[in-house]
Amino acid sequence: MASDSQRTEENVGTARFEPLRYTSADSNAQDASDSAERPKVTVLPSYMSEKDAPWTTRSPTFDVPLMAAKSKKPATVIQWIPIPLRPAFWIPLVILMAAGGIAFEVALSFSNKNHAPILGLGWSTKGSFTSQGGFLHYVYTFPPVAISMILAGLWAWTDIEIRRMQPYVDLAKGNAPPQRSLLLDYTRNHTLYVWSVAARNHHYLVTLASVLVIITFCFQPLSAALFNVQDVFWLEPRSTSTSLASIGLNQDANFQDLSSFLTAAGYASANVRYGVGDPAFVYQEYTIAPFLMPSGISNGTVTANTTAVQSQPNCVGPDGGSVSLNQLGNGSWNNTASFNGCSFSWSVNKTAVNLFGVNPVPDTSECASLTAIPEEYRPVIFWFFTYQPSAMASISMCSPSLTFLDVTASIDIASSNVTSLDILGPIGSHVTTLQEFSGNVTGDPLDGRAYNGMFFAIDNLDAFAVQRQNAIQLSLPAAVFQAAQNSPGGLTAAFENNQFANLSASVYATYLALVAKTVYFLDFQQPIAIDTQTIHKRLFLSNVAVHLLCSAMFVLAIFGTILHIWHRHDSSILRLTHAPGTIASAVSLGGKTGLGEVLAGRLRQEDMLEVLQHKRFRIDTRTMKIIMDGEEGYEDATSPEAYRTTFGLGPVGEWSAEVGKRFSRRLSRRAPVVEGHEPGVGIA
């Protein structure tokens, strides 16, 4: 027996399990004194505190190194539990998973809002952050990936500890075959494979843990796909710009020499041939008052309430939809058509294969309803004739008109093209600041009438102006004829199907809208309120990635909680005092037992399996020794079967029954004397 001084100086040693020996009341006093001086270490189950333990003379004691060796108070060794399986570890982890899933869904809802510039439409980016590559791109894409790797690592740690603990849990339950206990090592199996092995062994905890770890494999790719940069229209605060024109009759020099009209005719002809589209501030048959684009912005759209002129061509075909052709001989033809009783005739000679032209409505009594106004406002007649493949003629009458409107127009900043237009109402109904000079178009001299742009009542036209008028009268019907040739059925189908009225309306509408741009607007500057939508690069969350990632996080939170509660219940009878897995641990659990003798000299796996395959094993949860079926104490070891009928409330089966029996014996007879203790004193 070591002296007291030797025990005080000894700081390192090996724990020794020593079952207590029963002695008579008059045992040797020196042995009792030595036993009393030896510090007693009590191993408590995880569900029981020291004060609640129903101590019996079967309680284990250890010779262990204690820093406070001189203390007479018994020391308590806490049950060893792997860090990932401790409540202080896994409860915050599952809460973090659930909270993270909720946070991502909330962030996604803010990302997808399109009515709040502060919270919606993603998050703003600047400079290099707007690129989809480069170093700064990874500044906001790498952190989610790094966090996902940490979370996946924590779940992998949990999985490996559950795998490592499973053989010991089976040994604690008892009657464990070697294949599910001594020879079992799930840590050597790959994660993608181990779940199937565990399922075949009915180790469903290991199966569930492995499946949860497999789910974490999707964290990294989903985290990498969480964020993306998109171009969006961003509504800037309302600002003020300058309107450059107001509705009013503009008879400047370009009007007097017909330059405005000739330029418009040339553009309409070019549009048929080359498809150049509408010019700035013109949208189909609408001409909008121009205004300045905001400075410093190269892309986006400006929306403003302004004024516009609608120029309608109102082209129709002849009565009955046909032209009467009368051959005069020598290739000459006389052609007649009627429009609401107003008859029009024209003759052609075979000077060319294809012939076309434009004329005013004739001054006849039957056309009096159309000729009561000056010629420059009258309807015009476009006529067409061809000799191939046979003589065919077509005609249409166009009666231009004007409508002055208040509109909401959206203009592309880069090109000044109108992208959309909504009519608010007649002029002055919504916009009251852009119609100061509209009286000379809505009243005298125009009285709301439209120039036909083909015939003019301008005094003293010079020779050049007359040539411009002739060019206008030639280029517009030529453009209509070109449009017929470009139509899907070609020129012949256009004649046969009477398509010239629609083709004339299309070309004539473009011409009239361009004429309105210079004739019905006066240069006049005044402020105008505008709303600017610019193209911004914004950071968004991906819907698919967020939903999949949140689903995975919720699955881990729910089933992770089930996993830990289930494992805590399943392993609560196992009271390890150290981390298993080392050689020292193996010797501690199996040394000086029948197991060690059986395995002595067995070095090959086949030899071990052969000698162990017909045996059953368990861990005596009081001594933490592995014992075999047939060894002394095997049947007396704590049975887990009754314990497994409860859920976290402690053993109430055979263990409780045994405790009850022993307490009953204490009441019926004198308590036995334990070596080193006085009679009637419980063992700590």
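The notes below deal with the structure included here. Per chain, residue numbering runs from 1 following the sequence as it is written. Confidence filtering applies because this is a predicted model: local features only for residues at pLDDT of at least 70, side-chain atom pairs given and counted only at 80 or more, and all residues used for totals across whole chains, interfaces and linings. No hydrogens and no water enter the side-chain calculation; it runs on all heavy atoms of the structure.

Observations regarding the pattern of salt bridges
Working step 1: Any carboxyl oxygen of Asp or Glu that lies within 4 Å of a side-chain nitrogen of Lys or Arg is treated as forming a salt bridge with it. Following the criterion strictly, the structure yields 6 salt bridges and no others.
Working step 2: Notably, a salt bridge pairs R164 with E161, separated by 2.7 Å at the nearest N-O pair. Placement of the pair is R164 and E161 together in helix α4 (residues 137-173), with a separation of 3 residues, close to one helical turn.
Working step 3: Only protein chains enter the accessibility calculation, which uses a 1.4 Å probe; a residue whose area is less than 20% of its type maximum is buried, one above 50% is exposed, and one in between is partly exposed. You can call E161 buried: its relative accessible area is 8%.
Working step 4: A salt bridge links K173 to D570; the shortest N-O distance between them is 3.0 Å. Highlighted residues: K173 in helix α4 and D570 in helix α15 (residues 543-570), separated in sequence by 397 residues. Numbering of helices and strands runs from the N terminus; a helix is a DSSP stretch of H or I covering at least four residues, while a strand is a stretch of E covering at least two.

Looking at the sheet that holds strand β15 (residues 342-348)
Working step 1: Whether two strands pair depends on DSSP finding at least two bridges between them. Read from one edge of the open sheet, 3 strands run β13-β14-β15, paired in antiparallel fashion. Edge strands, defined here as strands with exactly one partner in the open sheet, are β13 (324-329) and β15. With strand direction ignored, the average angle separating the axes of adjacent strands in the sheet is 20 degrees.
Working step 2: Two elements, β13 and strand β14 (residues 332-339), share 5 bridges in a ladder whose sense is antiparallel. Across the sheet, residue L325 finds its bridge partner in β14, namely N335. Only the stretch in contact is used when fitting a helix axis, every axis being a line fitted to C-alpha atoms; angles between N-to-C directions are given from 0 to 180 degrees.

What to know about helix α9 (residues 259-274)
Working step 1: Expected span of a helix: the number of residues minus one, times 1.5 Å. When the terminal C-alpha atoms of α9 are compared, their 22 Å separation across 16 residues agrees well with the 22 Å that a helix rising 1.5 Å per residue should span.
Working step 2: Within the sequence span of α9, burial applies to S259, S260, F261, A264, A265 and A268.
Working step 3: Two residues qualify as a contact provided that any one of their heavy atoms is within 4.5 Å of a heavy atom in the partner residue. Against the buried residues of α9 lie α8 (253-256), α12 (463-486) and α14 (500-519).
Working step 4: Downstream of α9 by one or two residues, G275 has phi in the positive range, about 60 degrees.

Brief notes about the packing of aromatic side chains
Working step 1: Any two rings among Phe, Tyr and Trp, with Trp reduced to its six-membered ring, count as a pair given centres within 6.5 Å; such a pair is stacked if its planes are under 30 degrees apart, edge-to-face if over 60, and tilted if neither. Counting across every chain of the model gives 18 aromatic pairs.
Working step 2: Arranged with centres 6.5 Å apart and planes meeting at 10 degrees, the rings of Y451 and Y520 form a pair that is stacked. Taken as a pair, Y451 in the loop between α11 (439-442) and α12 and Y520 in the loop between α14 and β21 (521-541) lie far apart in primary sequence, 69 residues in all. As far as burial versus exposure is concerned, Y451 and Y520 are alike and both buried.
Working step 3: Here the aromatic cluster, defined as three or more aromatic residues joined through ring pairs, consists of F255, F261, Y377, Y451, F456 and Y520.
Working step 4: Residue placement shows K350 over the ring face of Y387; its charged tip is 5.3 Å from the ring centre. Counting as a charge over the ring demands two things of the Lys NZ or Arg CZ atom: a distance within 6 Å of the ring centre and an angle within 35 degrees of the ring normal.

Regarding the sheet that holds strand β18 (residues 392-398)
Sheets are built from strands that pair by backbone hydrogen bonding, the pairs being arranged parallel or antiparallel.
Working step 1: Spatially, β12-β18-β17-β16 is the arrangement adopted by the 4 strands of the open sheet, whose pairing is antiparallel. The open sheet terminates on both sides in strands that have one partner only, identified here as β12 (315-316) and β16 (354-360).
Working step 2: The pairing of β12 with β18 spans 2 bridges and is classified as antiparallel. Bridge pairing in β18 links V316 to M397.
Working step 3: Packing of α12 onto the sheet brings it into contact with β16 and β17 (380-386), and relative to β16 it is tilted by some 130 degrees.

Digging into the nonpolar core
Working step 1: We call a set of buried Ala, Val, Leu, Ile, Met, Phe, Trp, Tyr and Cys residues a nonpolar core when their side-chain atoms join them within 4.5 Å. The biggest cluster of nonpolar side chains holds 54 residues, and the ones touching the most others in it are M454, L476, Y508, Y511 and Y520.
Working step 2: Of all elements in the fold, only β8 (239-247), α9, β17, β18, β19 (401-412), α12, α13 (490-496) and α14 reach the threshold of two or more residues within this core.
Working step 3: Ranked by residue count, the leading element in this core is α14, at 12 residues.
Working step 4: The residues contacting M454, other than those within four sequence positions of it, are V358, V380, F382, Q469, I472, Q473, L476, Y508 and Y511.

Here's the deal with the state of the cysteines
Working step 1: Two cysteine sulfurs form what is called a disulfide whenever their separation falls within 2.5 Å. This model, assessed by the stated rule, comprises 2 disulfides.
Working step 2: Paired through a disulfide, C342 and C367 show a sulfur-sulfur distance of 1.7 Å. Torsion about the S-S bond of the C342 and C367 cystine: about 95 degrees, corresponding to right-handed handedness. Residue C342 is located in strand β15, and its partner C367 is located in the loop between β16 and α10 (368-371); the two are separated by 25 residues in the primary sequence. Accessibility assignment for this pair places C342 and C367 in one class, buried.
Working step 3: The connectivity of the disulfide bonds within the chain can be written as 1-4, 2-3, using the sequence rank of each bonded cysteine.

Observations regarding a nonpolar patch on the surface
Working step 1: Note that patches include only residues with greater than 30% relative accessible area and no salt bridge, and the join distances are 9 Å for like charges and 5 Å for nonpolar side chains (Val, Leu, Ile, Met, Phe, Trp, Tyr). Note on areas: Shrake-Rupley, 1.4 Å probe, and residue coverage restricted to the protein chains presented here. Together, I102, V106, Y204, F554, V555, I558, F559, I562 and W566 give the surface a local cluster of nonpolar side chains, amounting to about 770 Å² of exposed area.
Working step 2: Of all the secondary structure elements, the ones that give two or more residues to the nonpolar patch are α3 (87-112) and α15.
Working step 3: It is α15 that contributes the most residues to the nonpolar patch, 6 residues altogether.
Working step 4: In this fold, W566 is placed in helix α15.

Quick notes on the pairing of β18
Working step 1: The buried fraction of β18 is high, at 7 of 7 residues.
Working step 2: The alternating pattern of β18 places M392, S394, S396 and C398 and A393, I395 and M397 on opposite faces, both of which are buried.
Working step 3: Hairpin connection between β17 and β18: a loop of 5 residues separates the two successive antiparallel strands.

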